[in-house]
Amino acid sequence: MPEQLRFKTRGLWLTIHLYIGLSIGLVFVLSGLTGSLLVFYLEIDELLNPQLQISKIGQRSSYENIFQNLKTTHPERTSAWRLEIPSDPQRMITARYYKPKETEHLLFGPLMVSVNPYTAEITASRIWGEFLMTWIYNLHYQLLLDKTGRILMTIIGTVILVSLTTGVYLWWPSRSKIRAAFTIKKNASSQRFVYDLHKLNGIYSLPVLLIIVGTGAILSLPPLKQLVNSISPLHHPQTTVSAYSQHARRITLDQAVSIAKSQFPASELKWIETPKVPTGSYRINLRQAGEPSPRFPKTNVWIDQYNGSILSVRDVKNDSAGDTFLRWLHPLHSGEAFGLTGRIIVCISGFIPLVLYITGFLRWRHKQRAKQSNKTSSITP
């Protein structure tokens, strides 16, 4: 490439990088900081709300007893409940009612009910988005704009990926400057220090940022499952219809869990979903060893709510490429796929956009002042 063309090309990418950074970079900063908080949002929520903390551990209540208490406390909620069973014995069971009348017009706004697993006592009933940590989640995920915000975040995430790519292009050193490209120059001016800090924060954090931003943009895609399914067919349960009859009596939640566990004895119970309608079924969500998400695994067993027969099974060991791809997206984005270490890395990485924005802005201001100074010098006789 001729030197003049290379210079023009670099100038173009520098301009793109600059204006993306100064504009959409603010959303990048916001997403990073809120994302850092969300890595530990359950723990923070418990610290902010003492009623979510369990002071005494004893004999656990049956799941059926907890379900009946939910129905008694919220008799108007006649559709399905989904109970999250935590691994931590000192954490509340969280029951979600996905489409309460208060927020049925929203993309996502379940009623979140906290239940003491030992006493079956309901300690909190809160609507998603109306308490701090879920409000922060909505801000992070959709900028508080519901469906529109979700699409917008996909676009912004894609543009940020372009910014990161242009940053790499602008940084890319020649062979003679490789060592300098990975270090901060000693005894340099403050302007050079800011430049070095900007480029090194960007290049050293690039692998993590690409994963976080990339998975975030993909997760926000509205037709994500349809797109993946068109490439690699996703799992669909064979049937989830229970053999309903007028006088049929359903089995208890505990019986349903026992039947599901018999299919995967070494698995850990994570969720229990009750039937939405009389012909609906139980969906028992289990986690097998090796699944990347500790909270949202994908091993499922659908059970007839009356006779206890197994209607369908999803064993992640038989997942298609599409299912595997989707299964890894959220754990990679949150860092959960790599345990506590991964979560800490993602939490720390959430501050990188702020550092990049500040150093990038300062670098831009340095250049603006230099240009102004040069203009003044050329005018002065």
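Above this text sits the structure in question.
To start, this report covers the structure provided alongside it. Positions within a chain are numbered from 1, following the residues in the order the chain's sequence is written. Reporting of local features is limited, given that this is a predicted model, to residues whose pLDDT is at least 70; pairs of side-chain atoms are given and counted only at 80 or more, and all residues count toward the totals for whole chains, interfaces and linings. Water and hydrogen atoms play no part in the side-chain values, which are based on all heavy atoms of the structure.

### A closer look at the packing of aromatic side chains
What counts here: Stacked, tilted and edge-to-face are the three classes applied to pairs of Phe, Tyr and Trp rings, where Trp contributes its six-membered ring and a pair requires centres within 6.5 Å; stacked means planes under 30 degrees apart, edge-to-face means over 60, and tilted covers the rest. For helices the rule is a DSSP run of H or I covering at least 4 residues; for strands it is a run of E covering at least 2, with both sets numbered from the N terminus onward. In this scheme, a residue with accessible area under 20% of its type's maximum is buried, one over 50% is exposed, and one in between is partly exposed, where area comes from a 1.4 Å probe on protein chains only. We call a charge positioned over a ring when the NZ of a Lys or the CZ of an Arg lies within 6 Å of the ring centre and within 35 degrees of the ring normal.
Scanning the model with the defined rule gives 12 aromatic pairs in all. Taking the centre distance of 5.2 Å and the plane angle of 85° together, the rings of tryptophan 171 and phenylalanine 182 count as edge-to-face. Residue tryptophan 171 is found in helix α6 (residues 146-171), and its partner phenylalanine 182 is found in the loop between α7 (178-181) and α8 (190-219); the two are separated by 11 residues along the sequence. Relative accessible area serves as the criterion here: at 34%, phenylalanine 182 is assigned to the partly exposed category. What links up through ring pairs into an aromatic cluster is the set Tyr98, Phe108, Trp128, Tyr137 and Tyr141. If you follow arginine 60 out to its NZ or CZ, it ends over the ring of tyrosine 118, 5.4 Å from the centre. The ring of phenylalanine 131 has arginine 126 sitting right over it, with the charged end atom 3.7 Å from the ring centre.

### Quick look at the pattern of salt bridges
Applicable threshold: Salt bridge, as used here: a side-chain nitrogen of Lys or Arg that lies within 4 Å of a carboxyl oxygen of Asp or Glu.
Inspection of every chain in the model, using the stated rule, returns 16 salt bridges. A salt bridge links glutamate 273 to arginine 82, with the shortest nitrogen-to-oxygen separation between them at 3.8 Å. Taken together, the residues glutamate 273 in strand β5 (residues 268-273) and arginine 82 in strand β1 (residues 82-84) connect sequence positions 191 residues apart. On the accessibility criterion, glutamate 273 (17% relative accessible area) is buried. Across the salt bridge formed by glutamate 273 and arginine 283, the nearest N and O atoms sit 3.0 Å from each other.

### Some details on the pairing of strand β3 (residues 111-115)
Operational definition: In this scheme, strands are said to pair when DSSP sees at least two bridges between them.
Most of β3 is tucked away, with 5 of its 5 residues classed as buried. Here β3 shows no split at all, with Leu111, Val113 and Val115 on one side and Met112 and Ser114 on the other all buried. Of the pairings in the sheet, the one linking strand β2 (residues 93-97) to β3 comprises 5 bridges and is antiparallel in character. Residue pairing across strands places threonine 94 opposite serine 114, the latter belonging to β3. Here β3 runs beside strand β4 (residues 122-127); their pairing, made up of 5 bridges, is antiparallel. Residue valine 115 lies in a different strand from β4, and its bridge partner there is isoleucine 122.

### Brief notes about helix α2 (residues 25-38)
Residues that lie three or four places apart on an α-helix share one face, since the helix turns once every 3.6 residues. Going by this rule: Working rule for helices: expected span equals 1.5 Å times residues minus one.
The end-to-end C-alpha distance of α2, which contains 14 residues, comes to 20 Å, matching closely the 20 Å that a straight helix rising 1.5 Å per residue would cover. Most of α2 sits inside the fold, with 10 of its 14 residues counted as buried. Buried residues of α2: Gly25, Val27, Phe28, Val29, Ser31, Gly32, Thr34, Gly35, Ser36 and Leu38, and no others.

### Notes on the layout of surface pockets
What counts is decided by this rule: Here a cavity means grid points, on a 1 Å grid over the protein atoms only, where a 1.4 Å probe fits yet cannot get out; a pocket means an open set of points with protein on both sides within 12 Å along at least five of seven lines; lining residues are those with an atom within 4 Å of a point. Grid points are joined across faces, edges and corners, and a volume is the space filled by probe spheres set on the points.
The volume enclosed by the second largest pocket comes to roughly 920 Å³. Among the elements that make up the lining of the second largest pocket, the one with the highest residue count is helix α13 (residues 352-379) (11 residues).

### Brief notes about the nonpolar core
Selection criterion: Residues grouped as a nonpolar core are buried Ala, Val, Leu, Ile, Met, Phe, Trp, Tyr and Cys residues, joined through side-chain atoms within 4.5 Å. By the convention used here, residues are in contact when the closest approach between their heavy atoms is within 4.5 Å.
Judged by nonpolar contacts, the single largest core of 29 residues is most densely connected at Leu70, Trp81, Leu83, Ile272 and Ile284. Among the elements of the structure, α4 (63-73), β2, β3, β4, α10 (253-263), β5, β6 (281-287) and β7 (299-304) are those that each provide at least two residues to this core. Sequence-distant contacts of tryptophan 81, defined by excluding residues within four places in its chain, comprise Phe67, Leu70, His74, Ala95, Arg96, Tyr97, Leu111, Val113, Ile272, Glu273 and Thr274.

### Focus: the sheet that holds β7
Note the following rule: The axes used here are C-alpha line fits, helices contributing only the stretch in contact, and every angle between their N-to-C directions lies in the interval 0 to 180 degrees.
Taken together, 8 strands build an open sheet; the order of strands is β4-β3-β2-β1-β5-β6-β7-β8 and the sheet is antiparallel. Looking at strand neighbours, the two that pair on one side only are β4 and β8 (310-314), the edges of this open sheet. Each strand of the sheet is rotated relative to its neighbour by a mean of 20°, with strand direction disregarded. Bridge count for β1 against β2 is 3 bridges, and the pairing is antiparallel. Bridging across to β2, glutamate 84 finds its partner in threonine 94.

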